[in-house]
Amino acid sequence: MLASLAALRPRQLASQILSFALVLSTAFMLWKGLSLVTNSPSPIVVVLSGSMEPAFQRGDLLFLWNRSPDAKVGEIVVYNVEGKNIPIVHRVVRNHQGGLPYTKLLTKGDNNHADDVELYARGQFYLNREKEVIGSVVGYIPFVGYVTIMLSEHPWLKTVMLGIMGLMVVLQRE
Amino acid sequence: MHSSSTRFQNIFSFFTTVAFTVAGVIALSSFVFPTHTTATGSIRTVQIAPGRQNQYGTLGRRQEFAHIKFDLHTDLTPLFHYNTKQVFLYLTTTYPGDSNKYANNTVIIWDKIVPNNAKSKTKLALKNQRAKYPFNDISGKFASGDRKAELRLEYNIQPHVGALVWGTIKDADTGSNILADFVLEDTAKAIKSKKSGKAKADAEATKARETLKEDL
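It should be emphasised that the depicted structure is a prediction, and the values quoted were computed from it without experimental measurement.

1. Considering the overall build of chain B
Along the backbone of chain B there are 2 helices and 10 strands. Helices (α) and strands (β) of chain B occur, in sequence order from the N terminus, as α-β-β-β-β-β-β-β-β-β-β-α. Taking all 216 residues of chain B together, 38% fall into the buried category. In chain B, of all internal contacts separated by at least 6 residues, the share reaching a separation of at least 24 is 71%. Of the roughly 12,900 Å² of accessible surface on chain B, 58% is carried by carbon and sulfur atoms.

Okay, here's the thing in structure tokens:
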């Protein structure tokens, strides 16, 4: 391995590293571009729990859209309660709006018996559409996101994968 | 060129290309299926009773809850095609509230998940069905003024892959999105007050007639 690395000419090595950096920056730009188009800080999310079964299973990939100022009853939204850093995917079951600048929502997981008041902040009974909702689900691909669950549950896999990817790029001769 | 790593890469990229193309075609093709269906529905009774807001201990304060019973007939068969994983069917009620803060309120009062398999019943005939979710107003009390509420039947088709689809099932007779108009008032109390009101009016009428007779 090391011998083959040493055998590379410096110019070739530099160009391999550059192409690797290009791949990374392209991915980053695509992600941020999608974020701009959908108006959501996280336009693609992976389902982490079974609370929306049988619609969504763990590891399913969801595409979000956040251009509508409202979130109608029946829509599935992803929200982040202030102070808690876990995005939750649940369905809107109540919507209250009027003279206030923002809409208040109550959510519930299809597979849960009770609504989400327990998951909100202490003393909070409703979500703020403006501040806490990061998008509503418009598209669905099953299972593809399971890789990220594997990676977050077994962190050493991340190092291994990055290492293999890096070596592959560097060692490719063409 | 013919190393095992490039072969593996080629196979993998071919596999993902084919998989995503097939998924894309399936996702697009599900838009060609017509999803038209109708329903009939009506409200049997509305009961407004005090209760606690939630089930998690001491936080809940006493407030008014609306318990609804309804009839519903619909056929969901047109919503099922080969890319339907499940249909989430839900009944919503919209009602006016406090005109300053929360004038427009929509709540789900009943829902049903119908998975796409041979065992699921796609034709629904519910009679005097109790709504799953009694609801309270965000302010704790239903506004005293206008209480005209509307009942709608809506669905969300969850695909195996592709776009989620939402829609409203129209009324079989009128073709409108609203299945029923009703007043968000306790039906038992309304009947009672109507009765007592009528009795009072009758009593007054007989009294008036008697005084009229005496005058004559």
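2. Looking at the interface of chain A and chain B
In many analyses, interface size is given as the accessible surface area lost on bringing the parts together. Chain A puts 38 residues into the contact, and the matching count from chain B is 39 residues. In total, about 3,100 Å² of surface goes out of reach between chain A and chain B, with carbon and sulfur atoms giving 57% of it. The interface formed by chain A and chain B holds 0 salt bridges in total. Counting every contact that joins chain A to chain B gives 18 residue pairs in polar contact (both at pLDDT 80 or more). Among the secondary structure elements, those contributing two or more residues to the side of chain A that touches chain B are β4 (88-97), β5 (104-108) and β7 (133-141) of chain A. In terms of residue class, the side of chain A that touches chain B is made up of 18 nonpolar, 10 polar and 10 charged. As paired elements, β7 of chain A and strand β8 (residues 162-163) of chain B share 2 bridges and run antiparallel to each other.

3. Quick look at the pattern of salt bridges
All names here are of chain B. Across all of its chains, the model carries 5 salt bridges over all chains by this definition. Ionic pairing is found between R44 and D71, a salt bridge with its closest N-O pair at 3.0 Å. You can see R44 sitting in strand β1 (residues 38-52) and its partner D71 sitting in strand β2 (residues 62-75), a full 27 residues away along the chain. Among the residues examined, R44 registers a relative accessible area of 41% and is labelled partly exposed. Residue class for D71 comes out buried when judged on its relative accessible area of 14%.

4. Describing the UniProt feature "domain: Peptidase S24/S26A/S26B/S26C" (unreviewed entry) in chain A
Those places that UniProt annotates as "domain: Peptidase S24/S26A/S26B/S26C" (unreviewed entry) correspond, in this numbering, to residues 37-137 of chain A. As annotated, residues 37-137 of chain A has a helix share of 6% and a strand share of 34%, and its two end C-alpha atoms lie 15 Å apart.

Rules used in this analysis
- Residues numbered from 1 in each chain as written.
- Chains lettered and ligands numbered in written order.
- Predicted model: local features only at pLDDT ≥ 70, side-chain atom pairs only at ≥ 80, totals over all residues.
- Heavy atoms only, no water.
- Helix = DSSP H or I, 4+ residues; strand = E, 2+ residues; numbered from the N terminus.
- Buried < 20%, exposed > 50% of the residue type's maximum accessible area, 1.4 Å probe, protein only.
- Contact = heavy atoms within 4.5 Å.
- Areas by Shrake-Rupley, 256 points an atom, 1.4 Å probe, with all protein chains shown as cover.
- Buried area = accessible area lost by both parts, 1.4 Å probe.
- Salt bridge = Lys/Arg side-chain N within 4 Å of Asp/Glu carboxyl O.
- Polar contact = N/O pair within 3.5 Å; in protein donor to acceptor, adjacent residues only side chain to side chain.
- Nonpolar A, V, L, I, M, F, W, Y, C, P; charged D, E, K, R; others polar.
- Pairing = 2+ DSSP bridges.
- UniProt positions renumbered as here; feature names shortened; annotations may be inferred.

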